[in-house]
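# Chain and residue survey
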Amino acid sequence: MIRLILLLSFSAFTGCRSLPRGDAHEAPTTVMTRFYEAYFQTRENIRPAYSESFAELLSENLEVCREIANATDVCGFGADVDPFLDARADQGRLDLESARFQARDAGAGVVEVEFDLQPPERSAYHHRKIRYLMKVEDGRWVIDDIQYGARSARSQMMSEIQELRGGIF
């Protein structure tokens, strides 16, 4: 089974500094715009705030990959694709303006972001649309899932865990 596995492994996330989680009175679109503004500048040193359940799933995914997956396997969230760019290769320096970044409210707690990975080209191939399912936890907005079209980070991690454990979940 081909597994789409999302570039920065969870172990890389744990060493990163987290942006302050957006206050619940702040719009989730503002929280995600602030994240991307910082992320475009220093991708390796920053990560968003996750819900407790999403963070636990990330941790379990990493643990299962370390324990069960073959050392040569690509395994785990962010193992071969940057989950915030939905791309494999380093896209060079981006900023909100040149990437034509937009964050839109797409329903209760859903933020849809769109941007161009290669701004001068502005092609459909380099255009990205990612949906963040967010919720308020401890009075702040946090990410509870990430969707790439019909693909969900949460469901992909759960499937990978189940597959690696031989169907025992």
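Residues numbered from 1 in each chain as written. Predicted model: local features only at pLDDT ≥ 70, side-chain atom pairs only at ≥ 80, totals over all residues. Heavy atoms only, no water.

## Observations concerning the state of the cysteines
- The tally for this structure, following the rule as stated, stands at one disulfide.
- With a sulfur-sulfur separation of 1.9 Å, C65 is cross-linked through a disulfide to C75. One quick way to see it: the torsion about the S-S bond of C65 and C75 is about -70°, and its sign makes the bridge left-handed. Taken together, the residues C65 in helix α3 (residues 52–68) and C75 in the loop between α3 and β4 (102–105) connect sequence positions ten residues apart. The two residues C65 and C75 agree in class, both being buried. (Disulfide = S-S within 2.5 Å. Helix = DSSP H or I, 4+ residues; strand = E, 2+ residues; numbered from the N terminus. Buried < 20%, exposed > 50% of the residue type's maximum accessible area, 1.4 Å probe, protein only.)

## Quick notes on the nonpolar core
- With 37 residues, the main nonpolar core has M32, Y36, V113, F115, Y132 and I146 as its most contacted residues.
- Among the secondary structure elements, those contributing two or more residues to this core are α2 (28–41), α3, β5 (110–116), β6 (127–137), β7 (140–148) and α4 (153–164).
- A per-element tally of this core places α2 first, with seven residues.
- When sequence neighbours within four positions are dropped, the list of residues in contact with I146 reads F54, F77, F84, I130, R131, Y132, R151, S152 and A153. (Core = buried A, V, L, I, M, F, W, Y, C linked by side-chain atoms within 4.5 Å. Contact = heavy atoms within 4.5 Å.)

## Considering the pairing of β5
- Counting buried positions over the seven residues of β5 gives seven, a clear majority of the element.
- Side chains of β5 alternate between two faces, with V110, E112, E114 and D116 and V111, V113 and F115 buried alike.
- With four bridges connecting them, β4 and β5 associate as antiparallel partners. Among the inter-strand pairings, R104 is bridged to a residue of β5, identified as E112.
- The hairpin turn running from β4 into β5, its antiparallel successor, is four residues long, and G107 in that turn takes a positive phi close to 125°. (Pairing = 2+ DSSP bridges.)

## Here we look at the packing of aromatic side chains
- A complete count under the given rule lists 13 aromatic pairs for this structure.
- Judged by centre distance (5.1 Å) and plane angle (70°), the rings of F35 and F84 are edge-to-face. Of this pair, F35 sits in helix α2 while F84 sits in the loop between α3 and β4, and the two are 49 residues apart along the sequence.
- Its relative accessible area of 2% is what places F35 among the buried residues. (Phe/Tyr/Trp six-rings, centres within 6.5 Å; stacked < 30°, edge-to-face > 60°.)

## Here we look at the confidence of the model for the protein chain
- Summing up the model confidence of the protein chain, the mean pLDDT is 81 and the portion of residues at 70 or higher is 79%.
- Here residues 1–21 is a poorly scored stretch, pLDDT under 50, and it has 80 contacts once near neighbours within four places are set aside; other chains count. (pLDDT = per-residue confidence, 0-100.)

## Topic: the environment of A27
- Turning to its location among the elements, A27 is positioned in the loop between β2 (22–23) and α2.
- Given a relative accessible area of 33%, A27 falls into the partly exposed group.
- Each C-alpha atom of the pair A27 and W141 lies 8.4 Å from the other, and the pair is 114 residues apart in sequence.

## Let's talk about the side chain of D86
- If you trace the backbone, D86 turns up in the loop between α3 and β4.
- Of the polar contacts made by the side chain of D86, one reaches the side chain of R151; its length is 3.1 Å.
- Not counting residues within four places of it along the chain, the set of residues in contact with D86 comprises V81, R128, I130, Y148 and R151. (Polar contact = N/O pair within 3.5 Å; in protein donor to acceptor, adjacent residues only side chain to side chain.)

## Describing the packing of α3 against α4
- Contact geometry for α3 and α4: axes closest at 10 Å, N-to-C directions at 30°. In this structure, α3 meets α4 at a crossing whose hand is left-handed. From α3, S53, F54, L57, L58, E60, N61, V64, C65 and I68 reach across to α4, where they touch A153, R154, M157, M158, E160, I161 and L164.
- Taken together, the residues of the contact of α3 with α4 break down into eleven nonpolar, two polar and three charged. (Axes fitted to C-alpha atoms, helices over the stretch in contact; angles between N-to-C directions. Left-handed = near helix turned anticlockwise from the far one by under 90°. Nonpolar A, V, L, I, M, F, W, Y, C, P; charged D, E, K, R; others polar.)

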